[in-house]
Amino acid sequence: MRNILVITIGLSIAGALSSCSKSFLEQDNPNAVPVDENFQTENDVALAVNGVYEGLRSSNCIGEGASLWTDDRSDDVNSTDNQSNNGEPFQFTSFSLAPINTWLQNHWTALYVPISRTNLVLSKIDSISFANEGTRTQYKAEVKFIRALMYFNLVQEFGGVPLVTERLRFDELPQHTFRDTKENVYAQIVADLKDVVASNLPNVQTEANKGRVSMQAANGLLGQVYLKMATDLSADKTTNLNNAKTYLLACYNMRGFTKLSDIPFAEVFDVTKKGTNKEIIWQIAYRQGDPNYSSRIAANNQARGETINSLFASTGAGGTLTADLRKEFEVGDLRTDFSIKFASHPSVQAYFITKFRDNSAGATNLGYGGNDWIVLRYADIILNLAEVHMLLNDDATAIQYLDMVRERAQRPLYAVMMADPVYAAKYPTLKLAILHERRIELAFEHHRWHDLLRFFTKEELVAYFKAKSQADYNNSPLANITTKDYYFPIPLNEYNLNPEKMYQNPGYN
């Protein structure tokens, strides 16, 4: 089952056989029992909602390992091996991505799995009796948030995509095999998220429910969607920016701290505080010590001869980064030493990623870490607010938000840095200064590629990359990038379903 519309039918049960004692991380085979037999009680719905969340953990979706279509695609990380896996991962970093690429197909498929599971839940939930109607409302809000997030990733990466918001019978599949417009996809995202912000979700989830959607997350994501719409759609730019400001500010006002600098940067990634850290808005939950549901990001980023990330004894180079990114870290920035380190082992002799750590006994020497994957946090929202105010020509307020993040990093504020000729030459505009701050603050958190798509037009993106030094990118040829690379190609299997209505993005035919 390789195309989205078959997946809408085939992967939608989402753990209906799981025991009610299991957490929402745990799911069994979603195809084992017919759908209608597994939606009889409120508990069946709860398990299916858990299954929607479970789909997010896949590295092909947006989980911790989803670097290939985010950080690797950008200027932060390079998949330099053009031989492994038939060279397919290298296509993302070398701007030679082909529609037949199986990693691309897997990503497309994985984004639609939570969508299809959401559609199933919504098709059945109103026919089930609930002890408390508020629970039904919360479940609807949670899955609509996730559906919106998946479509938000799809529309940013592919442009117009098939828009399916209901459970489909097999004979209904052909009539839904077409790419809808970007405008319609955004409209559905906004509609879903407005339902969420009008729901009864709590502003902040309890420690026991970290990983579930909150009102903070809903407002933050809706603000980010409007910000992207302002730069991606030709109409209503000012309206979209003002809407972005409204919802981002609503999220910001729900924070549980006074100043960002009250929360040390390192504590955001501390596995012992992941359930209580007030900067984290929404995360994908992983379980320390569990072979099936633990995090691997600390171990996978570990370089040979190092123990800073994990007790796991690595034999490789760990999580690598481009020289271009390394040179952008400011000297004296506390985020530099926390995020990256030089590995001195003779077989490595390079910088590796240290931002995600769990070297506790609970993770064992097998690297079964407890890191949750942070999708939304307040530094991200604050820098979004800086961006919105900058685009609304309110530079003074934009700088106030920018300085909140710089202050926490113990860096000189923006006005001081603009008097520094080196900084001013590298970031001559407030726009580039905000982009720089996002790059350092959110490094390796899977934001960079989407940030570049939002900050630059297709032509500007090409110019931005081609102005960089090839020496800082190993063997990933910057000369390859063209305006076609702004979007990924539609996977060949999807295109072949209906070459006319599943038309290919320009430059990939």
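Residues numbered from 1 in each chain as written. Predicted model: local features only at pLDDT ≥ 70, side-chain atom pairs only at ≥ 80, totals over all residues. Heavy atoms only, no water.

**Thoughts on the overall build of the protein chain**
Along the protein chain, the regular secondary structure elements total 19 helices and 4 strands. In terms of overall dimensions, the protein chain is globule-like: its C-alpha atoms have a radius of gyration of 22 Å, near the 23 Å expected for 509 residues. In terms of its C-alpha atoms, the protein chain occupies a principal-axis envelope of roughly 65 × 50 × 50 Å. Taken across its 509 residues, the protein chain has 59% of its residues classed as buried. Taking as baseline every contact in the protein chain between residues at least 6 positions apart, the subset at least 24 positions apart corresponds to 69%. Just so you have it, the protein chain exposes about 19,200 Å², and 51% of that area is on carbon and sulfur atoms. (Helix = DSSP H or I, 4+ residues; strand = E, 2+ residues; numbered from the N terminus. Rg over C-alpha atoms; globule rule 2.2 N^0.38 Å. Buried < 20%, exposed > 50% of the residue type's maximum accessible area, 1.4 Å probe, protein only. Contact = heavy atoms within 4.5 Å. Areas by Shrake-Rupley, 256 points an atom, 1.4 Å probe, with all protein chains shown as cover.)

**Here we look at unusual backbone geometry**
Negative phi characterises most residues that are not glycine, and trans characterises most peptide bonds. With a phi close to 50 degrees, Gln 349 is a non-glycine residue in the positive phi region. One can find Gln 349 in the loop between strand 2 (340–343) and strand 3 (350–353). At Thr 364, a position not held by glycine, the phi torsion is positive, near 60 degrees. Inspection of the secondary structure puts Thr 364 in the loop between strand 3 and strand 4 (373–377). With relative accessibility at 30%, the residue Thr 364 sits in the partly exposed group.

**Describing helix 4 (residues 102–124)**
In a regular helix each residue adds 1.5 Å, so 23 residues correspond to 33 Å; helix 4 covers 33 Å between its end C-alpha atoms and thus fits that length. Within helix 4, 18 of the 23 residues are buried, which leaves it mostly tucked inside the rest of the structure. (Expected span 1.5 Å × (residues − 1).)

**Considering the pattern of salt bridges**
On inspection of all chains with the given rule, the structure shows 38 salt bridges. With its nearest N and O atoms 2.9 Å apart, the salt bridge here joins Glu 54 to Arg 117. Here the residue Glu 54 occupies a position in helix 2 (residues 42–54), and Arg 117 occupies one in helix 4, the gap between them amounting to 63 residues. In this structure, the salt-bridge partner of Asp 324 is Arg 439, at a minimum N-O distance of 2.8 Å. Placement of Asp 324 in helix 10 (residues 323–328) and of Arg 439 in helix 16 (residues 430–441) is noted, with a sequence separation of 115 residues between them. (Salt bridge = Lys/Arg side-chain N within 4 Å of Asp/Glu carboxyl O.)

**A few points about the packing of helix 7 (residues 215–232) against helix 8 (residues 237–252)**
At a closest axis distance of 7 Å, the pairing of helix 7 and helix 8 adopts a crossing angle of 160 degrees. Considering the angle they form, helix 7 stands roughly antiparallel to helix 8. Where helix 7 crosses over helix 8, the two elements pack in a sense that is left-handed. Contacts between helix 7 and helix 8 pair Gln 216, Asn 219, Gly 220, Leu 222, Gly 223, Gln 224, Tyr 226, Leu 227, Met 229 and Ala 230 from the former with Lys 237, Asn 240, Leu 241, Asn 243, Ala 244, Tyr 247, Leu 248, Ala 250 and Cys 251 from the latter. Of the residues that constitute the contact of helix 7 with helix 8, the class distribution is 11 nonpolar, 7 polar and 1 charged. (Axes fitted to C-alpha atoms, helices over the stretch in contact; angles between N-to-C directions. Parallel < 35°, antiparallel > 145°, perpendicular 65-115°, else oblique. Left-handed = near helix turned anticlockwise from the far one by under 90°. Nonpolar A, V, L, I, M, F, W, Y, C, P; charged D, E, K, R; others polar.)

**Topic: the pairing of strand 4**
Across the 5 residues that make up strand 4, a large majority, 5, are buried. Of the strand pairs in this sheet, strand 1 (residues 280–284) and strand 4 are connected by 4 bridges, and their pairing is antiparallel. Bridge pairing links Ile 280 to Arg 377 in strand 4. (Pairing = 2+ DSSP bridges.)

**Observations concerning the packing of aromatic side chains**
Enumeration according to the criterion identifies 22 aromatic pairs in this entry. On the numbers, 5.3 Å between centres and 75 degrees between planes, the contact of Phe 95 with Phe 465 is edge-to-face. Of this pair, Phe 95 sits in the loop between helix 3 (88–93) and helix 4 while Phe 465 is found in helix 18 (residues 458–466), placing the two residues 370 residues apart along the sequence. When sorted by exposure, Phe 95 lands in the same class as Phe 465, which is buried. Aromatic pair Phe 265 and Phe 338: ring centres 5.8 Å apart, planes at 85 degrees, arrangement edge-to-face. Linking Phe 265 in the loop between helix 8 and strand 1 with Phe 338 in helix 11 (residues 334–339), this pair joins segments that are 73 residues apart in sequence. According to the relative accessible area criterion, Phe 265 is buried, its value standing at 2%. For Phe 338, a relative accessible area of 13% translates into the label buried. (Phe/Tyr/Trp six-rings, centres within 6.5 Å; stacked < 30°, edge-to-face > 60°.)

Shape descriptors only; they carry no functional weight alone.
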